[in-house]
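A structural walkthrough
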Amino acid sequence: MRAKYTSRLISAFLIVTVAAACSDQGPEATGDVDVTILQTDAFLAQVVSGFSASIVGSDDAMVQIDPDTVEALTIRIATIQVLPQGRDEADNGDWVSLEMGSPVLLDLMSLPTEGESPLVIASGALEVGTYANVRLYTDSASVSFKGPISLGAAEDFEAGVDYLVDIPSGDQTGINTDVSFTVEAAAEGNANDVALLFDSGSTFQNISATGTGRVTLTPVIHDRGDRA
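Fair warning: this is a prediction, and the values are worked out from it, not measured in the lab.

Cut-offs used in this document
Residues numbered from 1 in each chain as written. Predicted model: local features only at pLDDT ≥ 70, side-chain atom pairs only at ≥ 80, totals over all residues. Heavy atoms only, no water. Helix = DSSP H or I, 4+ residues; strand = E, 2+ residues; numbered from the N terminus. Contact = heavy atoms within 4.5 Å. Areas by Shrake-Rupley, 256 points an atom, 1.4 Å probe, with all protein chains shown as cover. Buried < 20%, exposed > 50% of the residue type's maximum accessible area, 1.4 Å probe, protein only. Salt bridge = Lys/Arg side-chain N within 4 Å of Asp/Glu carboxyl O. Pairing = 2+ DSSP bridges. Core = buried A, V, L, I, M, F, W, Y, C linked by side-chain atoms within 4.5 Å. Patch = residues over 30% accessible without salt bridge, like charges linked within 9 Å, V, L, I, M, F, W, Y side chains within 5 Å. Lys, Arg positive; Asp, Glu negative; His and termini not counted. Charge placed at Lys NZ, Arg CZ, Asp CG, Glu CD. Phe/Tyr/Trp six-rings, centres within 6.5 Å; stacked < 30°, edge-to-face > 60°. Lys NZ or Arg CZ within 6 Å of the ring centre and 35° of its normal.

**Side note on the overall build of the protein**
Looking only at helices and strands, the protein has one helix and 16 strands in total. For the protein, restricting intrachain contacts to residue pairs at least 6 apart in sequence, the fraction spanning at least 24 positions comes to 79%. Carbon and sulfur atoms make up 47% of the accessible area of the protein, which amounts to about 10,900 Å² in all.

Dropping the structure here:
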């Protein structure tokens, strides 16, 4: 049984519905899916510790910070798309959009960690088959820190303040995950798991200030490799 988490993690549960494709032989078979997510608890060795950033290059260069210095990284997921196996990733027409009742607000730093029950962020049905990728479209994001952080900008970022985040191509090509999964026509109550893993260590290896009080970074989300 999956544990329940507070509304700080997720502000709306996504109901995912995909209309079954129809043909002369009738509708295609579908299977129930759960989109679930955890965060890794294994930070990369090259990430520095403490509340200071390690500056690389000029003031405008990307820096790396310890994930422990981050209070919250909140993203609003507006759309989830999946790519059927064998389709062209560069062709937007080959991606299947999941119909969402409303966007979801998710604090990636407050997710359950590996070894705990994953958080379900979407449920619904997809056509039976193999899928090669999942991408998440975001329309807003913010980050806050536990202590003052220098990102090479003229001024430090203060603790406890929500700063707007620019995710490169987040609203154009989405956050790509390279998550692959197979949907089977499982019995009711046995949903196929689309298993996501947020990698905080990799995410905060590449972060920068925009010069306008905003932060630029790309959340790194992998295939979790298990099917709980």
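**What to know about unusual backbone geometry**
A positive phi angle, near 55°, is found at D178, a position not held by glycine. Turning to its location among the elements, D178 is positioned in the loop between β11 (175-176) and β12 (181-183). We classify D178 as exposed; its relative accessible area is 56%.

**Examining the environment of D162**
Inspection of the secondary structure assignment puts D162 in the loop between β9 (129-145) and β10 (163-166). Given a relative accessible area of 59%, D162 falls into the exposed group. Each C-alpha atom of the pair D162 and R214 lies 9.7 Å from the other, and the pair is 52 residues apart in sequence. Residues within four places of D162 in sequence aside, it is in contact with V143 and S144.

**Re the pattern of salt bridges**
Overall, the coordinates contain three salt bridges when judged by the stated rule. Put simply, D166 and R214 hold a salt bridge, and the shortest N to O gap is 2.7 Å. Of the two residues, D166 sits in strand β10 while R214 sits in the loop between β14 (207-209) and β15 (215-217), which places them 48 residues apart along the sequence. R214 sits in the partly exposed class, given a relative accessible area of 30%. R224 is the partner of D193 in a salt bridge, and the nearest nitrogen-oxygen pair spans 3.1 Å. Taken as a pair, D193 in strand β13 (residues 192-198) and R224 in the segment after β16 (221-223) lie far apart in primary sequence, 31 residues in all. Here D193 falls in the buried class, since its relative accessible area comes to 6%.

**Concerning the environment of D223**
Tracing the chain through its elements places D223 in strand β16. Residue classification places D223 among the partly exposed positions, given a relative accessible area of 26%. Sequence separation between D223 and T177 is 46 residues, and the spatial gap between their C-alpha atoms is 6.9 Å. Residues within four places of D223 in sequence aside, it is in contact with T177, D178, V179, S180 and A195.

**Brief notes about the pairing of strand β4 (residues 30-39)**
Where burial is concerned, most of β4 is hidden: eight out of the 10 residues are buried. By the bridge criterion, eight bridges tie β4 to strand β8 (residues 119-127) in an arrangement that is antiparallel. Note on β8: the bridge partner recorded for V35 is A122. Sheet analysis places β4 next to β13, joined by seven bridges and oriented parallel. Looking at the pairing, T36 lines up with A195 of β13.

**Section: the nonpolar core**
In this structure, I37, L73, L106, F145, L151, I207 and V215 are the most contacted members of the largest nonpolar core, which totals 47 residues. Setting aside chain neighbours within four positions, we find L73 in contact with L106, D107, L108, M109, S142, V143, V165, F198, T203, F204 and L217.

**A look at a negative patch on the surface**
Among the surface-exposed residues, D88, E89, D91 and D178 lie close enough to one another that they form a single negatively charged patch. One can find E89 in the loop between β5 (70-84) and β6 (96-98).

**Quick notes on the packing of aromatic side chains**
If you walk through the whole model with that rule in mind, you get four aromatic pairs. Note on F145 and F157: the rings are 6.3 Å apart at their centroids and 65° apart in plane angle, and the pair reads as edge-to-face. Linking F145 in strand β9 with F157 in the loop between β9 and β10, this pair joins segments that are 12 residues apart in sequence. Taking 4.8 Å as the distance between ring centres and 80° as the angle between the ring planes, the aromatic pair formed by F157 and Y163 counts as edge-to-face. Considered together, F157 and Y163 belong to a single accessibility category, that of buried residues. A network of ring pairs unites the aromatic residues F145, F157 and Y163 as a single cluster. When the ring centre of W95 is taken as origin, the NZ or CZ atom of R135, which lies over that ring, is 3.9 Å away.

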